[in-house]
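# Survey of secondary and tertiary structure
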Amino acid sequence: MDFPIFHIDFIGNRMLIAVDAILHVIINHAFAVGALPVVALLELSGIRRKDARWDKLAYRLLKIIFIITTTLGALTGVGIWFSASLVNPAAIGSLIRVFFWGWFVEWIVFVSEVSLIMAYFLSWQTAGRSPEAKLMHLRLGIFLAVFSWITMAIIVAILGFMMDPGNWVTERTLMSGLFNPMYLPQLAFRTTLAMVMGGMTMICLIYLFTRHDLAFRTMVLRVISNWSGAWMLGLIVASIWYYQVIPNHMLANIPVAVTTQEYVSWNGRLKLLLIVGLFYVGRVLWLSVKRPGQVHGAKYLVSVLLLFAMLGQFERVREFIRKPFIIGNYMYANGIRVADYPLLQRDGILQHATYAGIREVTADNQISAGREVFEQTCTRCHTVNGVNSIRGQLKKMYGGKPWKSEVIAAYIENMHRARYFMPPFPGNKAELDALAIYLASLQKRAAAFNGAQINGIPMPDKISAATVYGTLPNLSITNGEHE
Amino acid sequence: MNAPIPRDIPLPLPAPEGLLEILLIVSFLVHIVFVHLMLGGSMFSLVCQIKGLKTPDYEKLAYRIMQTVTVNKSLAVVMGVAPLLIINTLYAPQFYASSALIGDMWMAVIPMVTLAFLLAYVHKFWWNHFINIPELHIGIAALETALFLFIPLIFMTNVNLMLFPEYWPQVKGFFSAMLLPNVLQRYLHFISAAVLFSSLFFVWWSGRKTFLQEVQFSKLRVIDVRRFFYAFAFGATIVQILTGLVVFVTLPAQGMSWRFTLLLMLGGSSALPAIWWMWQNLTSPGHLIDDNLKRIIACFACAAIIMGIARHDYRENALADHKTAIAEKTANYMAAVKEAGEHAQLDAKDQESKISAPGESAFNQNCAACHHATLPTVGPALQEIKEIYAGDSAGIVAWTKAPGKKRPDSMQMPGFVQLSDDELTAISQYILSH
């Protein structure tokens, strides 16, 4: 990676993105995409039944939605950019170059969405004055719901691409990236899941807000349970579809049995959650449709939590399937392109890492060179002492026996074959040995491991003497491609 | 230039550079207008609330101001996404580097903005809950304003740092980057602009026909409110000019050019007539001339647009050499990648023709990760396996199809049902003959 290496050794870099992203997705699905239609539905019911209680309730729900989505929701969204650009700038930078216009459109939709939700929320009270204004206001709400779905549909395309770039690796165009084979099943799964999640979350809030008016509660819950129940049927179909398409597709690409095993255990957990979750939530909804008002609030809450867990596990499997790539077949999760490997394995990665402090492994800098190699090649996924720590992993493998650097080196050389979620080691032999020596030294002593945000970067003049990048053969001249 | 020269991301820009630059300037200006209104609004609401302890009408004014803040802050965030996207695209090697160098504080922007927004909502939505505890209410407003004031400093530090790659090696964390020459001056210049633009906005806002009806002052006259904002606008303009001069004098030489200087002068002088009109409005007793307001705002808008262009001009000047060096290095690197890739392909072919034993490549593909020739790694070494299964290739095949659990401190070996008997036999023979 040719960027200064930001590193948080405590929670780890991947965790930083994961926490932010999962929070964002949950808020987006449960409080925007899935919840806004419910608010519009309540407003509509209020108009139809000429009953002010519906309208008041809808407004209270919208206020909560407004507060959550415009603070935590919007900022965790921006936070994905921030964290990704710190943790893996090479990947996010590449994605932006390909998907710029996709994201630009996304941004315009996002601006519309925020403007609409402000208009919808802030004009609620004034719209009540005349029936025409109220109808206009309702239309605004429906518009808003559609917009927030479109925002999601675009981002799903981008996520789908990262999992499987389809034709992009050969064609390199935005469209070929967007319409990849995984798109529709994912979108169907997410849409229906979001609708059920949003419905259930709103049901919980409604349960809370109507505790002093039980007759009204029954009425409202009947409507929203019917609505959510209908989407539940869709969710079951979409889950089966997703489950049919994705594993076959991915399993075909997975070479080694271990990986299959690993994958099956992850996916098995998702399957279990899907079955248990769909069953439980389905049953609660069924009861709620038949006898609204008699289902205890705790059951709704458990349903919401189950749905959150399903979404979380789904995101994890989605992420896991993608490994070892961050952009399928183009770039590994360590930020190094597949095409870079032959060069880096020949020259060594330190030669080409602008911000590394050491260029060449020598007899007396092995540990510190090994640390640099670790920083360049492993820290995007491992910490030294924190989450997914390399010390912990080695301890699990070798326990209290003395850690031998030759054994570790033999493992790293082949690790991508046994543990397919890890990319192959990108450096040369000397760097491999230095890395193994550094890792073995961690058994006794591990100095605090800080990133560029604390250590800074080395002075270029201190390391340029040992650098060959200045004199890297300028093949573009000999090939006559440049003057 | 003694700056690190990294490589660029080796993919083409998604649009012509000029188009992206225009989009950047425009979207950044829009973003900054809303940031100014949000920041200034928060400060004015706080000030008015404090004044409201003595003159209750000011408290009503503070509430109304807060209503604009909650709208403007959302627009400030969404409008910021576009310039962020474009900066990411156009200046990837510089922007990602400077962000990483102040990474902790850069990441902290997200929770800090979230907190500030939530405080703003508490401040506004529960206004009447605080009637008997104004100290707490003012405390919340002060915390919110303090956060709103601090966040731009982080952004300022980052966009300043990205301009000067030669400073990167001396930076250790956010505070050292913040203390680089020019950041604090630019920050003060920015804050006074926020006061200026928001106070002008509030002069307009308090001049709307419905304003009196909204606030329902008991004593305060609208004209006093507008004069109050005008006075701030005037003062902020003076501070603007002074800090602007300081910024100009202390700007590092890297980005200086005549064109840039000319643009700055043009931008500065387009604000001069506005100062004259503001002075007139403030000193002519009894009434404010609304016609002038439009002209004043037009002048400042003009100044802001020219400054926005100048700012971009400076950035391009400052980074010109760095960008050229990066482009050259990237081209060389890509050529080397190509050459090494072609070599590697030839080598791989050579290697393939060298493999004599039939099971070798299948072994490398499936087993080498855990079985080394002489060392026990994840699984036992080949030597050990050879001793156990001397002459018994069928035994290896049987084990591999359905491995047992023997060594207590080893993991469970996975089974290889997907390999055919022939393949497994070849592998086992390779192991035994190794």
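None of the values given here were measured: they were computed from a predicted structure. (Residues numbered from 1 in each chain as written. Chains lettered and ligands numbered in written order. Predicted model: local features only at pLDDT ≥ 70, side-chain atom pairs only at ≥ 80, totals over all residues. Heavy atoms only, no water.)

## Observations regarding the overall build of chain A
Quick reminder of the rule: Each helix is a run of DSSP H or I of at least 4 residues and each strand a run of E of at least 2, with the numbering of both proceeding from the N terminus. For every residue, the accessible area (1.4 Å probe, protein chains only) is compared with the maximum for its type, and the residue is labelled buried under 20%, exposed over 50%, or partly exposed between those bounds. Residue contacts are defined here by distance: any two heavy atoms, one from each residue, within 4.5 Å place the two residues in contact. In this description, accessible areas are obtained by the Shrake-Rupley approach with a 1.4 Å probe, and a residue is regarded as covered only by the protein chains that are shown.
In terms of helices and strands, chain A carries 20 helices and two strands. Every one of the 483 residues in chain A was classed for burial, and the buried ones make up 59%. Across chain A, contacts joining residues at least 24 apart in sequence account for 77% of those joining residues at least 6 apart. Carbon and sulfur atoms provide 65% of the accessible area of chain A, an area that totals close to 19300 Å².

## Structural notes on the packing of helix α3 (residues 52-87) of chain A against helix α9 (residues 183-209) of chain A
Residues and elements named next belong to chain A. Note the following rule: Think of each axis as a best-fit line through the C-alpha atoms, taken over the contacting stretch in the case of a helix, with angles from 0 to 180 degrees between the N-to-C directions. Comment on the angle field: the value is read as roughly parallel under 35 degrees, roughly antiparallel over 145, roughly perpendicular from 65 to 115, and oblique elsewhere. A crossing counts as left-handed when the near helix is turned anticlockwise from the far one by less than a right angle, and as right-handed when that turn is clockwise. Three classes are used, and their members are as follows: Ala, Val, Leu, Ile, Met, Phe, Trp, Tyr, Cys and Pro are nonpolar, Asp, Glu, Lys and Arg are charged, and the others, Gly among them, are polar.
Where α3 meets α9, the axes come as close as 11 Å, and the angle between the chain directions of the two elements is 125°. As far as their axial angle goes, α9 and α3 are oblique. As for the relative orientation of α3 and α9, their crossing is right-handed in sense. Contacts from Leu-57, Arg-60, Leu-61, Ile-64 and Ile-65 in α3 reach Met-202, Leu-205, Ile-206 and Phe-209 in α9. Considered class by class, the residues forming the contact of α3 with α9 number eight nonpolar, no polar and one charged.

## A few points about the interface of chain B and chain A
Test applied: Note on terms: buried area is the combined drop in 1.4 Å-probe accessible area of two parts once they are placed together, counting the loss on both. One speaks of a salt bridge when a side-chain nitrogen belonging to Lys or Arg is within 4 Å of a carboxyl oxygen belonging to Asp or Glu. Counting of polar contacts relies on pairs of N or O atoms within 3.5 Å, with two restrictions inside protein: one atom must be capable of donating a hydrogen and the other of accepting it, and residues adjacent in sequence are counted only when both atoms are side-chain atoms.
With 87 residues of chain B at the contact, the number on the chain A side is 86 residues. Summed over both sides, the interface of chain B with chain A buries roughly 7400 Å², with 71% coming from carbon and sulfur. Sorting the residues of chain B by area buried against chain A places Leu11(B), Leu85(B) and Tyr96(B) first, and these three jointly supply 9% of that buried surface. Counting across the chain B and chain A interface gives three salt bridges. Two residues, Arg97(A) and Asp8(B), come together in a salt bridge whose shortest N-O distance is 3.2 Å. Counting across the interface, chain B meets chain A through 16 residue pairs in polar contact (both at pLDDT 80 or more).

## Describing the pattern of salt bridges
Two side chains with opposite charge may pair up if their charged atoms get near one another. Within this structure, the stated rule accounts for 19 salt bridges over all chains. Here Lys134(A) and Asp55(A) are joined by a salt bridge, their closest N and O atoms 2.8 Å apart. You can see Lys134(A) sitting in helix α6 (residues 131-163) and its partner Asp55(A) sitting in helix α3, a full 79 residues away along the chain. Across the pair Glu214(B) and Arg208(B) runs a salt bridge, and its minimum N-O distance is 3.0 Å. A relative accessible area of 29% means that Glu214(B) is categorised as partly exposed. Each member of the salt-bridge network shares a partner with another, and the members are Glu43(A), Asp55(A) and Lys134(A).

## Remarks on the nonpolar core
To be explicit about the condition: Within this scheme, the nonpolar core is defined by two criteria: the residues are buried Ala, Val, Leu, Ile, Met, Phe, Trp, Tyr or Cys, and they are joined through side-chain atoms within 4.5 Å.
Leu42(A), Met200(A), Tyr300(A), Leu61(B), Ile65(B) and Phe229(B) are the most contacted members of the largest nonpolar core, which has 210 residues in total. Per element, the largest residue contribution to this core is 19 residues, and it comes from helix α4 (residues 89-122) of chain A. Ignoring any residue separated from it by four or fewer positions in sequence, one finds Ile65(B) in contact with Gly41(B), Phe44(B), Ser45(B), Cys48(B), Phe202(B), Trp205(B) and Phe229(B).

## Focus: the UniProt feature "transmembrane region" (unreviewed entry) in chain A
Note the threshold: UniProt positions are given in the numbering used here, feature names are shortened, and annotations may be inferred rather than shown by experiment.
Listed under "transmembrane region" (unreviewed entry) in the UniProt record, and renumbered for this structure, are residues 21-44, 64-86, 98-122, 142-163, 183-208, 220-243, 263-286 and 298-314 of chain A. Across residues 21-44 of chain A, helical content stands at 92% and strand content at 0%; the span's end C-alpha atoms are separated by 33 Å.

## Some words on the packing of aromatic side chains
Residue and element names in this part refer to chain B. Where we set the bar: The rule is short: rings of Phe, Tyr and Trp, with Trp giving its six-membered ring, pair when the centres are within 6.5 Å, and they are stacked under 30 degrees, edge-to-face over 60, tilted in between. Distance and angle both matter: a charge sits over a ring if NZ of Lys or CZ of Arg is within 6 Å of the ring centre and within 35 degrees of the ring normal.
Summed over the entire model, instances satisfying the criterion amount to 50 aromatic pairs over all chains. With 6.5 Å between their ring centres and 70° between their planes, Phe-164 and Tyr-314 make a pair best called edge-to-face. Of this pair, Phe-164 sits in the loop between α5 (134-161) and α6 (174-178) while Tyr-314 sits in helix α12 (residues 290-354); the two residues are 150 residues apart in sequence, bridging distant segments of the chain. Take Phe-164 and Tyr-314: they sit in the same class, and that class is buried. Ring pairing ties together the aromatic residues Phe-44, Tyr-58, Phe-201, Phe-202, Trp-204, Trp-205, Phe-211, Phe-217, Phe-228, Phe-229 and Phe-232, which thus form one cluster. Between Arg-7 and the ring centre of Tyr-333, over which it is positioned, the NZ or CZ distance is 3.8 Å.

## What to know about the domain arrangement of chain B
What counts is decided by this rule: An automatic or database domain assignment supplies the start and end points of every domain.
Along its sequence, chain B is organised into domain 1 (17-337) and domain 2 (360-433). On a C-alpha basis, the centres of domain 1 of chain B and domain 2 of chain B stand 67 Å from each other.

## Some remarks on helix α2 (residues 56-90) of chain B
Turn by turn, an α-helix covers 3.6 residues, leaving residues three or four places apart pointing in a common direction. Selection rule: Multiplying one less than the number of residues by 1.5 Å gives the expected span of a helix.
If you check α2(B), its first and last C-alpha atoms are 51 Å apart, about what 35 residues at 1.5 Å a residue would give, namely 51 Å. Most of α2(B) sits inside the fold, with 28 of its 35 residues counted as buried.

## So, the side chain of Ser45(B)
Residue and element names in this part refer to chain B. Residue position: Ser-45 is located in helix α1 (residues 17-52). The exposure class of Ser-45 is buried, given its relative accessible area of 0%. With near-sequence residues (within four places) excluded, Ser-45 lies in contact with Ala-62, Ile-65, Met-66, His-123 and Trp-127.

## Quick notes on unusual backbone geometry
Not every positive phi belongs to a glycine, and Asn388(A) is a case in point at roughly 50°. Here Asn388(A) lies in the loop between α14 (366-377) and α15 (390-398). Assessed through its relative accessible area of 25%, Asn388(A) is described here as partly exposed. Of note in this structure, Asn182(B) is not a glycine but carries a positive phi near 90°. In this structure, Asn182(B) sits in the loop between α6 and α7 (183-205).

## As for the packing of α14(A) against helix α17 (residues 429-441) of chain A
All names here are of chain A. Here α14 crosses α17 at 100°, and the two axes come no closer than 7 Å. Accordingly, the angle class assigned to the pair α14 and α17 is roughly perpendicular. Only Glu-431, Ala-434, Leu-435, Ile-437, Tyr-438, Leu-439 and Ser-441 of α17 make contact with α14, whose side of the interface consists of Gln-366, Ile-367, Ala-369, Gly-370, Arg-371, Val-373, Phe-374 and Thr-377. By residue class, the composition of the contact of α14 with α17 is nine nonpolar, four polar and two charged.

## Considerations on the UniProt feature "transmembrane region" (unreviewed entry) in chain B
Residue and element names in this part refer to chain B. Here, the residues flagged by UniProt with the feature "transmembrane region" (unreviewed entry) are residues 22-48, 69-93, 105-126, 138-164, 184-207, 228-251 and 257-279. Counting secondary structure, residues 22-48 comes out at 100% helix and 0% strand; the distance between its end C-alpha atoms is 39 Å. Along residues 228-251 the backbone is 96% helical and 0% strand, and the end-to-end C-alpha distance reaches 34 Å.

## Points about helix α11 (residues 272-283) of chain B
Residue and element names in this part refer to chain B. Our working definition: Throughout, the arc means that of the directions going from the helix axis to the C-beta atoms.
Between the first and last C-alpha of α11 there are 17 Å, a value that for twelve residues agrees with the 16 Å anticipated at 1.5 Å per step. What α11 keeps buried is the set Ala-274, Ile-275, Trp-277, Met-278 and Asn-281. An end-on view of α11 places all buried positions within 165° of arc, on one side of the element.

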